[in-house]
Amino acid sequence: MGVTGTVLAVDAGNSKTDVAVVTAGGEVIGAARGGGFRPPAVGVTAAVDKVADAVRRAFAEAGVDSVSHVSACLANADLPVEEQQLAAALHARAWGATVDVRNDTFAILRAGVAEPRGVAVVCGAGINCVGMLPDGRTARFPALGRISGDWGGGWGLAEEALWHAARAEDGRGAPTALAATLPAHFGLPSMQALIEALHLDQLPLSRRHELAPVLFATAAAGDPVARSLVDRLAEEVVTMATVALRRLDLLTEEAPVILGGSVLAARHPLLDTGIRDLLATRAPKAVPRVVTAPPVLGAVLLGLDGVGAGAEAEARARAHYGG
């Protein structure tokens, strides 16, 4: 049974997928969580199968078998052609009459604004930035790593910290406390020991993400090298935000700049202050704000936008998710 005006919202990240079935009035009537969404690793069909399992459970809870509109914010939908491929794959599942696929960064943005207007910078494992206007115009970056000009994110910070620490220990680089704090985090005595543990897979690759908080702590303790990396991340965040604001003609008017993802949501004082100080100089009318609401809320709100729901529906959905 399909219900007119209902929305299927999907927020699919690399590590988990959240889905929700929402009425046109903003009431969440079904929800489920599934596994990570990684088309580059497993292929589009297998990735969408992961989503399908969660959709099936959410539909069962809601008592429906289809909806009017599917709003999907998906990791790894970095290029328009990828969005089109994923939209076709989702449409083939016949979950809804219409399907709208966006990069998952748009979910963070919409969760943090009262209307689809503004810019968001997300810094978690990687870094990305998007902007949107109510008339449908958007600003975005490929966000494919160094090949598309990106710098930052938890993985990138960890790699930079390891590089500086390794060179400090063997004499090729400037001294830095990172040479001691990074290996100490894993209970190891030196960078040489940490390098060997990583190279020989004695430490899983996934544990590198633990080094970003160590970097911030080392910077807060006054280490110049660690501080320079935090300063550079602030520079990157503000550069992306300013370019997106300029593309949307928002530099000369008050506009929200939403900061999200695990690195920015942690509110590290040096990084937070650096971003706000730089924005005050380069985009003085920007209003920075950290969003902590779950990204699926953004997918829900984009879906409600898509079916023409009003402010009351948005307020009800925000109340459900604490956003």
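Data block above holds the structure.
Let me begin by describing the structure that accompanies this report. Keep in mind that what you see is a predicted model, and the values were worked out from it rather than measured.

Definitions and limits used
Residues numbered from 1 in each chain as written. Predicted model: local features only at pLDDT ≥ 70, side-chain atom pairs only at ≥ 80, totals over all residues. Heavy atoms only, no water. Helix = DSSP H or I, 4+ residues; strand = E, 2+ residues; numbered from the N terminus. Buried < 20%, exposed > 50% of the residue type's maximum accessible area, 1.4 Å probe, protein only. Lys, Arg positive; Asp, Glu negative; His and termini not counted. Salt bridge = Lys/Arg side-chain N within 4 Å of Asp/Glu carboxyl O. Contact = heavy atoms within 4.5 Å. Pairing = 2+ DSSP bridges. Axes fitted to C-alpha atoms, helices over the stretch in contact; angles between N-to-C directions. Parallel < 35°, antiparallel > 145°, perpendicular 65-115°, else oblique. Nonpolar A, V, L, I, M, F, W, Y, C, P; charged D, E, K, R; others polar.

## Observations regarding the side chain of Glu160
Part 1 of the reasoning: With respect to the helices and strands, the residue Glu160 is situated in helix α5 (residues 153–170).
Part 2 of the reasoning: In this structure Glu160 is buried but unpaired, with Arg146 as the nearest side chain of opposite charge at 4.5 Å.
Part 3 of the reasoning: With residues up to four places along the chain from it excluded, the contact list for Glu160 reads Arg146, Trp151 and Leu229.

## Let's talk about the sheet that holds strand β7 (residues 127–132)
Backbone hydrogen bonds hold the strands of a sheet together, and the pairing may be parallel or antiparallel.
Part 1 of the reasoning: Here 5 strands make up an open sheet; going across it, the order is β8-β7-β6-β9-β10 and the pairing mixed. Pairing within the sheet leaves two strands with one partner each, and these edge strands are β8 (138–140) and β10 (286–290). Averaged over neighbouring strand pairs, the angle between their axes works out to 15° when direction is ignored.
Part 2 of the reasoning: Pairing geometry for strand β9 (residues 255–260) and β10, over 5 bridges, is parallel. By the bridge assignment, Pro256 is partnered in β10 with Val287.
Part 3 of the reasoning: Each of β9 and β10 is contacted by helix α11 (residues 269–282), which is oriented at about 165° to β10, the strand it contacts most.

## A word on the pattern of salt bridges
Part 1 of the reasoning: Across all of its chains, the model carries 20 salt bridges by this definition.
Part 2 of the reasoning: With its nearest N and O atoms 2.9 Å apart, the salt bridge here joins Arg282 to Glu235. Linking Arg282 in helix α11 with Glu235 in helix α9 (residues 224–247), this pair joins segments that are 47 residues apart in sequence.
Part 3 of the reasoning: Close ionic contact of Arg316 with Glu312 constitutes a salt bridge, the shortest N to O distance being 3.3 Å. With a gap of 4 residues between them, Arg316 and Glu312 both fall in helix α13 (residues 311–321), about one helical turn apart.
Part 4 of the reasoning: With a relative accessible area of 38%, Arg316 lands in the partly exposed category.

## What about the pairing of strand β4 (residues 67–74)?
Part 1 of the reasoning: Most of β4 sits inside the fold, with 7 of its 8 residues counted as buried.
Part 2 of the reasoning: Note that strand β1 (residues 7–12) and β4 share 6 bridges and pair parallel. What sits directly across from Leu8, in β4, is Val70.
Part 3 of the reasoning: Pairing of β4 with strand β5 (residues 96–103) involves 7 bridges; the strand directions are parallel. Its bridge partner being in β5, Cys73 is matched across the sheet by Arg102.

## Thoughts on unusual backbone geometry
Part 1 of the reasoning: Phi at Asp201 takes a positive value of approximately 60°, unusual for a residue other than glycine.
Part 2 of the reasoning: Note that Asp201 resides in the loop between α7 (191–199) and α8 (211–220).
Part 3 of the reasoning: The phi angle at Asp249 is positive, at roughly 60°, despite the residue not being glycine.
Part 4 of the reasoning: Mapping Asp249 onto the fold places it in the loop between α9 and β9.
Part 5 of the reasoning: Residue Asp249 is classed as exposed on the basis of its relative accessible area, which comes to 52%.

## What to know about the packing of α5 against α7
Part 1 of the reasoning: Contact pair α5 / α7: the axes reach a minimum separation of 9 Å and the direction vectors enclose 135°. Considering the angle they form, α5 stands oblique to α7. Contact residues: Leu162, Ala165, Ala166 and Glu169 in α5; Met191, Gln192, Leu194, Ile195 and Leu198 in α7.
Part 2 of the reasoning: By residue class, the composition of the contact of α5 with α7 is 7 nonpolar, 1 polar and 1 charged.

## Examining the pairing of strand β2 (residues 17–22)
Part 1 of the reasoning: With 6 of 6 residues buried, β2 lies mostly within the body of the structure.
Part 2 of the reasoning: Burial of the side chains of β2 extends over both faces: Thr17, Val19 and Val21 are buried on one face and Asp18, Ala20 and Val22 on the other.
Part 3 of the reasoning: When β1 meets β2, the two strands line up antiparallel, connected through 6 bridges. Opposite Ala9, over in β2, you have Ala20 as the bridge partner.
Part 4 of the reasoning: Hairpin connection of β1 to β2: 4 residues between the antiparallel strands.
Part 5 of the reasoning: Inspection of the sheet shows β2 paired to strand β3 (residues 28–34) by 6 bridges, in the antiparallel sense. Bridge pairing links Asp18 to Arg33 in β3.

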